[in-house]
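Results of the structural survey
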Amino acid sequence: MVELIGREKARADLRDLLAAGRRVTVHAPSGGGRTALLDAVAREHGAALVLRPAAADRAVAFCALADLLMQLRSTGQVGQLPSGRQREAVEAVLGVRPGAADPLALRLAVLALMGERMLIVDDAHLLDPDSRDVLAYVWHRAGPGLHVVVSVRSGHEPLPGTVALALSPLDPAHLARLLHEHGLPARLAGRVHRASGGLPGLALAVGAAGPEPDAAAADAAVVAAVRDLLAAVAPSVGDTLLAAALTDRPSLRTLRRAGYAAAEQDLAGARQAGLVTLGPQGGVVFTATVLADVLRHGAAPGRLAACHDALAAAADDAATRLWHHTAVRTTPDDPLAEALAEAAEAAAANGRPVRAAELALRAADLAGPATPRSKVVGWAVAAARAAAATGRTDLATRAMTLLEEYGAAPAERARARLAVSDAAGQALDDQDEMLTRALAEAGGDDRLLASVHLRLAWRANLAEGSPRRAGERAAEAARHAGAAGDAPIEALALTMLARMQRILGDPAAEATLTAALALAPTPPEYGRHNSPAYVALRHAVFDDRLAEARAGLLELLPAAEDSAITEDVVDILRSLAEVDVRSGRCQAAHARAMRAVALAEQSGLSPGPGWYTAATTELAAGTPARALSYAQRAVRASQEEGDQVYLARAWHVTGQIHLAVRDTGSAVAALRRVQALEQAQQVRDPSLLRWHADLAEALTATGEADAAYQLIIETRQVAAELGRAGVLAGLDRAEGLHHCARGDAAQAVSLLRRSQEQFAALGLPLERGRSLVALTAAERRRRHRTAALAAQQLAEEVFAHAGAPGWAAAARITGAGRHQRGRDTDARLQLTETESRIVELAAGGASNREIATALFLSVKTVEAALTRVYRRAGIRSRTQLQQVRHR
């Protein structure tokens, strides 16, 4: 069966209902995936009878039934009906015999013809009444051999005699997979999920419309899909929904005050059709934001004006009244433009950058000849900056276009181009032309040149993966900022230079950062995530000064949350998640990571960094399967955006996940990618992304011991030179495993003990636990069972206290080493590495659930693997398995 993304549970529920003899009505809004699910059912049952009534069919008596009878007649069964009256009734419906069909004979004929079949009716709410009545009669009286699956659009009742099965919207993870399967960028997943409400049909239309929010509203396919959704409600409900779409924070109270007396009834109908949800305080939230976009863009001018007038009269504050009052104005009005500009400033001060950008652009649109050109240019620049703070490249680009139309000075155009670049977030790969133009337009303005070179430094690091070029650009930015006396920009440039120096292993990094910290605070529009204070906390993370880093990040978070820069909040939350997971607060770390992911999706920020953090915390606090899903999405998004930094990180966590589940071959492949990326980026400091020990461990496990040892020696030399204690502890573990594999258990134990002690001193419990698990294996290898048991128990305690139950379970039952006879048996049976580990644990007495927990697999996967092994070995029980392993 073709995979249905995100519909696994619905498909399983449907199978169970059909197996129990129930007839099923699947319901979801238009575009909710009903047809895809019914198509999958039809493919699974090759002889299924499928009806797809259309809206026009409802006016034609027996139209759908005729379609069904034509399919049945092609089988030759009609001629075998037991009664001539039944055959006549069928022929009358098919139009080959004059006169009307006898109602009872027709029902009995269809009942006799159906027999044991699968009947599928898509969009059953479009059935004509006569066909509907006959079909309801048939499946009410047919035996259990007749399976019936129908679908209706949300808002329609299930067909009589059926049980309802609702299709939920896709979550962001499944939507990302859906977009990827259709060749659409994974980085659009957050925006598309918000715009479509997770409805797969609408999501594909929105995703294909382009990356900008406004593009979807004008796209014909999106408009058609939205109209299908709105067809589920009466036209009067559409008027109420338009008013809600034009309101910044729609609520039942606001709609009533605006004169929509039937608002409560209208919204109840919209909610039943899956168009809106209603909050406890009467708040109205569109299930899919593109519904509101299409309603706004598609409304007739007169209807739009009337709605805005009603909402202006109901507004609680002057700014909102002004917004609605000017919404459909096109005639220049200088006083009104000035008022809008003042409202834009107030919106920006109150933490509403999107509304500030919209108001500023509207002010520019309504400016007349009496408004000085310099003011209009200033409004456009302000709009661009406000849009950049929230990643709204559409608004920033509108501001840029406006400046070009006004013939703004090159310097003003350069500032707007910087805003467009800032709005792009991590997706800087295609911003080279924009920044090159800005550099040319900056002329001899040192202040502006500093700002452009700073963005070029960011791009060189993220998109080009060249910290050396990024450092050169940052140094140039600092020079221009110093010449201009712009201390805040100079501080930002020195901060960027310090980051690049750290990557390159330059000891001057800390002195450069200290100089940046001594300068002026970071301007709000640049965000705290670029500030010297934040980067100093990131360096504390790299240095394993986790308590210091955590305290500083917690201090920054409230101020970031009060600001209007979502990227600040997301970056601080991700850093806190990283600190928490490394310091053994795994559950809290995962909660922070998921909050960061949600905020990034809501704001349209680049999803790659958030998905990387989610993968890291999910591996510690959840399951490797979900962790791998996040990691794969992080890889795709980073590749699409040309983000070399987070591409390396995404491959690193991918390798860690494979290593955790003992898929060492895949771990080596993923970690080799990290190695290649970091070599291309000239990364020298091994403390930033600690893949070296992981790759060495994976190489040892796959028999590449010499390559593993060479990597350990090379990395140890650099880590010792730079004083990276955490890296050295990881290398001790990797070298201990190397010696263990070579048969030198005594040397292995010495290194592994030192490794776990160092990690304990640094406050890195998960790394300590991993070293203790390796120590358990080494002690068992030299038959020191008491020492092995002590190490194993300590590992369990460390993992349990850190909130990593999966790792704790793995430590509990993975201490036993493999015997050579077991390896020989594995080779003879041609077992994969995962199958081999399952067999080893099963032969050791572990239950299927314990094996699944230890190897981060599902119980069903373990059961299926054991079944395959039993078949190959010609055995039927665990007892026989133990005998086979010890032959």
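Residues numbered from 1 in each chain as written. Predicted model: local features only at pLDDT ≥ 70, side-chain atom pairs only at ≥ 80, totals over all residues. Heavy atoms only, no water.

1. Re empty space enclosed by the protein
In total, this model carries 2 cavities of 30 Å³ or more according to the counting rule given. Each pocket or cavity is described by its volume, and for the second largest cavity that value is around 30 Å³. If you go around the second largest cavity, the residues you meet are Val 597, Ala 600, Glu 601, Ser 606, Pro 607, Gly 610 and Trp 611. For the lining of the second largest cavity, the elements supplying multiple residues, two or more each, are α31 (586–603) and α32 (608–621). At 3 residues, the largest contribution of residues to the lining of the second largest cavity is made by α31. (1 Å grid on protein atoms, 1.4 Å probe; cavity = no way out; pocket = protein on both sides within 12 Å on 5 of 7 lines; lining within 4 Å. Points joined across faces, edges and corners; volume = space filled by probe spheres on them. Helix = DSSP H or I, 4+ residues; strand = E, 2+ residues; numbered from the N terminus.)

2. So, the nonpolar core
If you look at the biggest cluster of nonpolar residues, it comprises 125 residues, and the most contacted ones within it are Leu 202, Val 222, Leu 241, Leu 275, Phe 286, Val 290 and Trp 611. Among the elements that take part in this core, helix α34 (residues 644–660) stands out by supplying 10 residues, more than any other. Setting aside its immediate chain neighbours within four residues, Trp 611 contacts Ala 176, Ala 186, Ala 189, Val 597, Glu 601, Tyr 630, Arg 633, Ala 634 and Ala 637. With 39 residues, the next largest nonpolar core counts Ala 341, Ala 383, Leu 403 and Ala 419 among its residues. (Core = buried A, V, L, I, M, F, W, Y, C linked by side-chain atoms within 4.5 Å. Buried < 20%, exposed > 50% of the residue type's maximum accessible area, 1.4 Å probe, protein only. Contact = heavy atoms within 4.5 Å.)

3. A look at unusual backbone geometry
In the Ramachandran plot, Phe 62 falls in the positive-phi region, its phi being about 60 degrees despite a non-glycine side chain. Among the structural elements, Phe 62 can be located in the loop between β2 (49–51) and α3 (63–73). Look at Asp 544: it is not a glycine, yet its phi comes out positive at around 65 degrees. Looking at the element boundaries, Asp 544 is found in the loop between α28 (532–542) and α29 (546–562). Here Asp 544 falls in the buried class, since its relative accessible area comes to 8%.

4. Looking at α31
When the terminal C-alpha atoms of α31 are compared, their 26 Å separation across 18 residues agrees well with the 26 Å that a helix rising 1.5 Å per residue should span. What α31 keeps buried is the set Cys 586, Ala 589, His 590, Arg 592, Ala 593, Ala 596, Val 597, Leu 599, Ala 600 and Glu 601. In the segment just after α31, Gly 604 is the residue with positive phi, at about 75 degrees. (Expected span 1.5 Å × (residues − 1).)

5. What to know about the side chain of Thr 247
With respect to the helices and strands, Thr 247 occurs in the loop between α12 (235–245) and α13 (252–257). Setting aside residues up to four positions removed in sequence, Thr 247 forms contacts with Thr 254 and Leu 311.

6. Topic: the packing of aromatic side chains
One pass over the structure, following the stated rule, counts 2 aromatic pairs. Between Tyr 612 and Tyr 646 the ring centres are 6.0 Å apart and the planes differ by 70 degrees, which places this aromatic pair in the edge-to-face class. Linking Tyr 612 in helix α32 with Tyr 646 in helix α34, this pair joins segments that are 34 residues apart in sequence. Comparing Tyr 612 with Tyr 646 shows no difference in burial state: the two are buried. Against the face of Trp 323 rests Arg 355, its NZ or CZ located 4.1 Å from the ring centre. Lying over the aromatic face of Trp 611, Arg 633 brings its terminal NZ or CZ to 4.5 Å of the ring centre. (Phe/Tyr/Trp six-rings, centres within 6.5 Å; stacked < 30°, edge-to-face > 60°. Lys NZ or Arg CZ within 6 Å of the ring centre and 35° of its normal.)

7. Structural notes on the sheet that holds β2
Sheet strands associate in pairs through backbone hydrogen bonding, adopting either a parallel or an antiparallel arrangement. Sheet architecture is open: 5 strands sit in the order β2-β3-β4-β1-β5, paired in parallel fashion. Edge strands, defined here as strands with exactly one partner in the open sheet, are β2 and β5 (163–166). For this sheet, the mean angle separating the axes of adjacent strands, direction not counted, is 20 degrees. Bridge count for strand β1 (residues 24–28) against strand β4 (residues 147–153) is 5 bridges, and the pairing is parallel. Following the sheet pairing, Val 24 is matched in β4 by Val 149. (Pairing = 2+ DSSP bridges. Axes fitted to C-alpha atoms, helices over the stretch in contact; angles between N-to-C directions.)

8. A short note on the pattern of salt bridges
Scanning the entire structure with this criterion turns up 55 salt bridges. The shortest N-O distance in the salt bridge between Arg 447 and Asp 486 comes to 3.2 Å. Note that Arg 447 is positioned in helix α24 (residues 446–462) and Asp 486 in the loop between α25 (467–484) and α26 (487–503), a separation of 39 residues in sequence. Exposure remark for Arg 447: the relative accessible area of 41% places this residue in the partly exposed category. (Salt bridge = Lys/Arg side-chain N within 4 Å of Asp/Glu carboxyl O.)

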